[in-house]
Amino acid sequence: MGSETEVEQIVDKLQDFCDNFVQNHGMEKIHEKTAMVKQEVDSTIAMLKTLEERCQKTTFMLQYARALNVLPDYSRECEDYLSKVVKRDPSIIRGWNLLGETFWKKGDIGAAKDCFEGGLKRKKDKVSLRSLSMVLRQLKADKFGDEQKNVISSVEMAKDAVGMDVEDGMSWYILGNAYLSLFFVTEQNPKVLAMALEAYSKAEKVEKRSTHNPDLHFNRAMAYRYEESYQLALEGLTTADQLDPTWGSPRTKINEIFNYLDKVNDLVEKKGKMKSKRLQNMIKSIKETNLGPYSGGSFTFNGKQQKLEYIPLSSLKEGANPEKVIMGKVVCNMADITLVPFTFAIIDHNGDCYAVTVYNLARGKGMIIGDSVAIPEPFMTHHKIEWSVTADSAKKWDFRNIRVDNPIVLIVNGRKLTQEHCGSTIAAMIPSQAS
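Computed from a predicted structure; not experimentally measured.

Criteria and thresholds
- Residue numbers restart at each chain and count upward from 1, following the sequence in its written direction.
- The predicted origin of the model limits local features to residues at a pLDDT of at least 70 and limits the giving and counting of side-chain atom pairs to 80 or more, whereas totals for whole chains, interfaces and linings rest on all residues.
- Water and hydrogen atoms were dropped before computing side-chain values, which therefore reflect all heavy atoms in the structure.
- Here a strand is any run of E in DSSP of at least two residues, a helix any run of H or I of at least four, and the numbering for each starts at the N terminus.
- For every residue, the accessible area obtained with a 1.4 Å probe (protein chains only) is divided by the maximum for its type, and the residue is called buried under 20%, exposed over 50%, and partly exposed between those limits.
- Here the accessible surface of atoms and residues is derived via Shrake-Rupley with a 1.4 Å probe, and residues count as covered only by protein chains that are part of the display.
- Asp and Glu are treated as the negative residues and Lys and Arg as the positive ones, with His and the ends of the chain left uncounted.
- Every charge is mapped to an atom, namely NZ of Lys, CZ of Arg, CG of Asp or CD of Glu.
- Any pair of Phe, Tyr and Trp rings, taking the six-membered ring for Trp, is counted once the centres come within 6.5 Å. Such a pair is stacked with planes under 30 degrees apart, edge-to-face with planes over 60 apart, and tilted for the rest.
- Criterion for a salt bridge: a side-chain nitrogen of Lys or Arg within 4 Å of a carboxyl oxygen of Asp or Glu.
- Here, a strand pair is defined by DSSP locating no fewer than two bridges between the strands.
- Polar contact criterion, stated in full: a pair of N or O atoms within 3.5 Å, where within protein one must be able to donate a hydrogen and the other to accept it, and residues adjacent in sequence count only if both atoms are side-chain atoms.
- Here a residue-residue contact requires only that any non-hydrogen atoms of the pair lie within 4.5 Å.
- By definition here, a helix of n residues has an expected span of 1.5 Å times n minus one.
- In this description, the arc belongs to the directions extending from the helix axis to the C-beta atoms.
- Here, the term disulfide refers to a pair of cysteine sulfur atoms separated by no more than 2.5 Å.
- Note on method: axes are straight lines fitted to C-alpha atoms, helices fitted across the in-contact stretch only, with angles between N-to-C directions ranging 0 to 180 degrees.
- Any angle that falls under 35 degrees is termed roughly parallel, while one over 145 is termed roughly antiparallel, one within 65 to 115 roughly perpendicular, and all others oblique.
- The handedness criterion is simple: a crossing whose near helix is rotated anticlockwise from the far helix by less than a right angle is left-handed, and one whose near helix is rotated clockwise is right-handed.

Before going further, it helps to spend a moment on the overall build of the chain. Of the regular secondary structure elements, the chain holds 15 helices and 12 strands. Each of the 435 residues in the chain was classed as buried or not, and the buried ones make up 49%. Carbon and sulfur atoms form 48% of the exposed surface of the chain, whose accessible area is close to 21,000 Å². Here the chain contributes 59 positively and 58 negatively charged side chains, and the mean placements of these two sets differ by 5 Å.

Counted by the stated rule, this structure contains 12 aromatic pairs. Ring geometry for Phe 184 and Tyr 226: centres 5.1 Å apart, planes at 85°, overall edge-to-face. Of the two residues, Phe 184 sits in helix H10 (residues 169–185) while Tyr 226 sits in helix H12 (residues 214–227), which places them 42 residues apart along the sequence. Neither Phe 184 nor Tyr 226 differs from the other in exposure class; each is buried. Centre to centre, the rings of Phe 342 and Phe 344 are 6.2 Å apart; their planes meet at 50°, and the pair counts as tilted. Each member of the pair, Phe 342 as well as Phe 344, is classed as buried.

Turning next to the pattern of salt bridges. This model, assessed by the stated rule, comprises 26 salt bridges. A salt bridge links Arg 130 to Asp 168; its shortest N-O distance comes to 3.0 Å. Within this pair, whereas Arg 130 is found in helix H8 (residues 126–136), its partner Asp 168 is found in the loop between helix H9 (146–164) and H10, the two being separated by 38 residues in sequence. Pair check on accessibility: Arg 130 and Asp 168 agree, each one buried. Linking Asp 266 and Lys 270 is a salt bridge whose minimum nitrogen-to-oxygen distance equals 3.0 Å. Within this structure, Lys 126, Arg 130, Asp 165 and Asp 168 form a network of salt bridges that share partners.

Moving on to the pairing of strand S6 (residues 342–347). The buried fraction of S6 is high, at 6 of 6 residues. The side-chain alternation of S6 yields two buried faces, one formed by Phe 342, Phe 344 and Ile 346 and the other by Thr 343, Ala 345 and Ile 347. In the sheet, strand S5 (residues 324–333) pairs with S6 via 4 bridges, with the strands oriented antiparallel. Across the sheet, Lys 329 pairs through a bridge with Ile 347, a residue of S6. Sheet analysis places S6 next to strand S7 (residues 353–358), joined by 6 bridges and oriented antiparallel. Bridge pairing in S7 places Ile 347 opposite Cys 353. The turn joining S6 and S7, which pair antiparallel and follow one another in sequence, is formed by 5 residues; a positive phi near 90° is taken by Gly 351.

With respect to the helices and strands, Asn 213 occurs in the loop between helix H11 (190–206) and H12. A polar contact is formed between the side chain of Asn 213 and the backbone nitrogen of Asp 215, at a distance of 2.9 Å. What Asn 213 contacts, discounting residues up to four positions off in sequence, is Tyr 173 and Leu 243.

Glancing now at helix H1 (residues 3–19). With 17 residues, H1 extends 24 Å between its outermost C-alpha atoms, agreeing within 8% with the 24 Å of an ideal straight helix rising 1.5 Å per residue. Restricting attention to buried positions, one finds in H1 the residues Ser 3, Val 7, Ile 10, Val 11, Leu 14, Phe 17 and Cys 18. The buried residues of H1 occupy an angular sector of 110° when the element is viewed end-on, so they sit on one face. Buried positions along H1 lie against helix H2 (21–25), helix H3 (33–49) and helix H4 (57–69).

This part covers the state of the cysteines. Inspection of the entire model under this criterion finds 0 disulfides. Note on Cys 55: no disulfide assigned, nearest cysteine sulfur contributed by Cys 78 at a separation of 16 Å. The class for Cys 55 is buried, based on a relative accessible area of 11%. With no disulfide partner, Cys 78 has as its closest neighbouring cysteine sulfur the one in Cys 115, 11 Å distant.

Within S5, 8 of the 10 residues are buried, which leaves the element mostly enclosed by the surrounding structure. Where strand S3 (residues 309–310) meets S5, 2 bridges bridge the pair, whose relative direction is parallel. The residue bridging Glu 309 from the neighbouring strand is Lys 324, located in S5. With 5 bridges connecting them, S5 and strand S8 (residues 372–376) associate as antiparallel partners.

Turning our attention to the packing of helix H13 (residues 230–243) against helix H14 (residues 249–269). Packing of H13 against H14 leaves a shortest axis separation of 8 Å and a crossing angle of 155°. One way to sum up the angle between H13 and H14 is to call them roughly antiparallel. Here the hand of the crossing between H13 and H14 comes out left-handed. Across from Tyr 230, Ala 233, Leu 234, Leu 237, Thr 238, Ala 240 and Asp 241 in H13, the residues of H14 making contact are Pro 250, Arg 251, Lys 253, Ile 254, Ile 257, Phe 258, Tyr 260 and Leu 261.

Okay, here's the thing in structure tokens:
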């Protein structure tokens, strides 16, 4: 066996130890992973040094840097070795990719971008493509619209990476993250969330080790959260927390969802905690005239007249309600805990109270207590969730919610909202590693 082949195989073994840790050691060892990987890196480095004199210099530096790169933190030694590798032989694409990852860990996004582009100038490569996809989403926007353009380019790069190898789980995962970013920087369209979820599912299907990636579970949970599939979001965050107990972000997000659901459930159940007399006066003030353009049993859309029947909240069916319109008064909003989605509760003329979540609403344009809100063809979900907190206690939530993806369909105080009410508010993802 040649020395070059031997050193590569030694580092391959180290990479496999890290990538397939859970498969090979089980979840019971997860708390020891950091220490065990560090020990394995130290052992590998020591082994490589014994082969240095018999190895071609550029090959040795590349494999030595690969071993260092297994660790999650930036290494100056790793940067120095890889800089020499690409200088000695610019055709080594792996060298460009590893150097880009090293700069990413250092926080030098511009240098990381240059490296991945440097690799792609020499050869189309799936790792360079998906890494550049990741970098583009982190670039600072110089002017309005740059962020959206960067994320759209990020999606295209990730799709190209998947196209080169549809059996690569990491490329599918990066594509899922790109779609999730697209949801936040453009129209908050649930179809984009569905594409993100499909990509995450593909990642797990084609490569089993993807199921042990805490970032995948975390980011997919964020997609579920904004899809309003709260049970699945909590399950994903719990798995992410189990796979990386030192991270912290999954537990923070779990508590945020707890707080959100607690507040929505409480305010819907108690009808905004309004005093009885004020609540009754509000209910009495609900008039069909507040339907505005939606009154009279029909409305005109794109030059065509469409049927629209005014019904009480209690008559809504789970899911879509075509040719129906509901209306009520705002009894509270939750702008203090979330802006995406903008969440409030309405009460109708029968005294029933439902939550409403509005996406793509411009900052400062939210509904306030006392506003009359009409919603055409509402999409209603009955959230009934039970979540075990400890072996002896569980949280329970039970409320109905209407989701509105485009605020322009709403009638507020008898008037249709306009384009100035539309906007997108960026919500953050917090990956534990490059993703």
